[in-house]
Amino acid sequence: MNTPNRPSMWSGFMTTNWSILFVLLGFFVFAIIATMGYLFLQDDIHSYMNRKKMTTEDLALLNKKAEQRYAIAQAESNFDKVLNGIHLRTGLKYDANVYTVITACTSCHSAKLITQNRATRPGWESMIRWMQATQGLPDLGNKEPAILDYLAKYYAPQETGRRPNLDLAEVKWYILDLEE
Ligand code: HEC
């Protein structure tokens, strides 16, 4: 009677030989793929192996070049361009504190609300308090004095006074014609 669970001597022998064959075949296929891969990529492999080793000076030079490129890109970009004392993107007067003001004051509304307004330092302070009380403006912390200085300096009330007197000699008089 055959016992299917017990492998015979013959089947054990077959298994061993087939597995040796498959392992050999596996190595063979691997060798072919590796050789073809090498033939295909040999230029890249060799240029990588023979690549120039970076010295500290080379790295420093690369760094310097990157910094120069960055500086040029910064200078060429119009994002924070300043012309005649005006920060063009926002229209605010340029000053060392302008970026503090831009950060604190242009997230909810345009900088035009600032440039269109004039107030004394207490006036600006009360506008800030009003926005804090009703519009969700957060506490400006230690940035507040610099912001108030900036606003009071550049957006102070203009003392133009009343309009100048008419220069009567310059006025062109005409007779109002009431007859139709
Ligand atoms: C949390 C949002 C927010 C921030 C940040 C903010 N504001 Fe305002 N602000 C408002 C709102 C809302 C109004 C009302 C806008 C309207 O009336 O259309 C306003 C109005 C104004 C006005 C007009 C006031 C008036 O009486 O007409 C000025 C000026 C102003 N803000 C200046 C500033 C300044 C300066 C800063 C920075 C310190 C600032 N805002 C930051 C929300 C903000």
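Parameters at a glance
Residues numbered from 1 in each chain as written. Predicted model: local features only at pLDDT ≥ 70, side-chain atom pairs only at ≥ 80, totals over all residues. Heavy atoms only, no water. Helix = DSSP H or I, 4+ residues; strand = E, 2+ residues; numbered from the N terminus. Buried < 20%, exposed > 50% of the residue type's maximum accessible area, 1.4 Å probe, protein only. Contact = heavy atoms within 4.5 Å. Areas by Shrake-Rupley, 256 points an atom, 1.4 Å probe, with all protein chains shown as cover. Salt bridge = Lys/Arg side-chain N within 4 Å of Asp/Glu carboxyl O. Near = heavy atom within 4 Å. Polar contact = N/O pair within 3.5 Å; in protein donor to acceptor, adjacent residues only side chain to side chain. Donors = N, O, S within 2.8 Å, 3.2 Å for Na, K, Ca; no water. Tetrahedral: all angles 85-135°; square planar, octahedral: opposite > 155°, others 65-115°. Lys, Arg positive; Asp, Glu negative; His and termini not counted. pLDDT = per-residue confidence, 0-100.

Draft legend 1. The overall build of the chain, seen in detail. The number of helices and strands found in the chain is 6 helices and 3 strands. What you see in the chain, going N to C, is helices and strands ordered as α-α-β-β-β-α-α-α-α. Overall, the chain is about 135 × 55 × 50 Å in size when its C-alpha atoms are taken along their principal axes. Within the chain, buried positions represent 13% of all 180 residues. Pairs at least 24 residues apart make up 45% of the contacts formed inside the chain by residues separated by at least 6 positions. Accessible surface for the chain amounts to roughly 15,600 Å². Of this, 63% is attributable to carbon and sulfur atoms.

Draft legend 2. Region of interest: the pattern of salt bridges. As enumerated under the stated definition, the model contains 5 salt bridges in all. Between D149 and R121 there is a salt bridge, and its shortest N-O distance comes to 2.2 Å. With D149 in helix α6 (residues 144–154) and R121 in helix α5 (residues 121–134), this pair connects stretches of sequence that are 28 residues apart. Measuring nitrogen to oxygen at the nearest pair gives 3.2 Å for the salt bridge that ties R129 to E125. Here R129 pairs with E125, and both are found in helix α5, just 4 residues apart, close to one helical turn. Here the salt bridges share partners, and the residues they tie into one network are E125, R129 and E144.

Draft legend 3. Structural detail: the site of the ligand. Of all residues adjacent to the ligand, which total 18 residues, the nearest are C105, C108, H109, M131 and Q135. For the ligand, a nitrogen atom lies 2.7 Å from a polar atom in the side chain of H109. When contributions to the shell around the ligand are tallied by element, the ones reaching two or more residues are α3 (98–105), α4 (112–115) and α5. Considering each element in turn, the shell around the ligand owes the most residues, 5 residues, to α5.

Draft legend 4. Layout of the coordination of the iron atom of the ligand. Protein coordination of the iron atom of the ligand is provided by H109 (NE2) and M131 (SD), with donor distances spanning 1.9 to 2.0 Å. Given 6 donor atoms and angles of 85 to 178° at the metal, the environment of the iron atom of the ligand is assigned as octahedral. Of this pair, H109 sits in the loop between α3 and α4 while M131 sits in helix α5, placing them 22 residues apart in sequence.

Draft legend 5. How the structure looks around the side chain of D95. Inspection of the secondary structure assignment puts D95 in the loop between β3 (92–93) and α3. Although D95 is buried, it forms no salt bridge, and the closest oppositely charged side chain is K153 at an N-O distance of 4.2 Å. Side-chain polar atoms of D95 contact the side chain of Y154, separated by 2.7 Å. In this structure D95 touches Y150, K153 and Y154, once residues within four positions along its chain are discounted.

Draft legend 6. Layout of the confidence of the model for the chain. Model confidence for the chain is summarised by a mean pLDDT of 89, while 92% of its residues fall at 70 or above. The lowest-confidence element of the chain is helix α1 (residues 9–49), averaging 87 in pLDDT; the highest-confidence one is α6, averaging 97.

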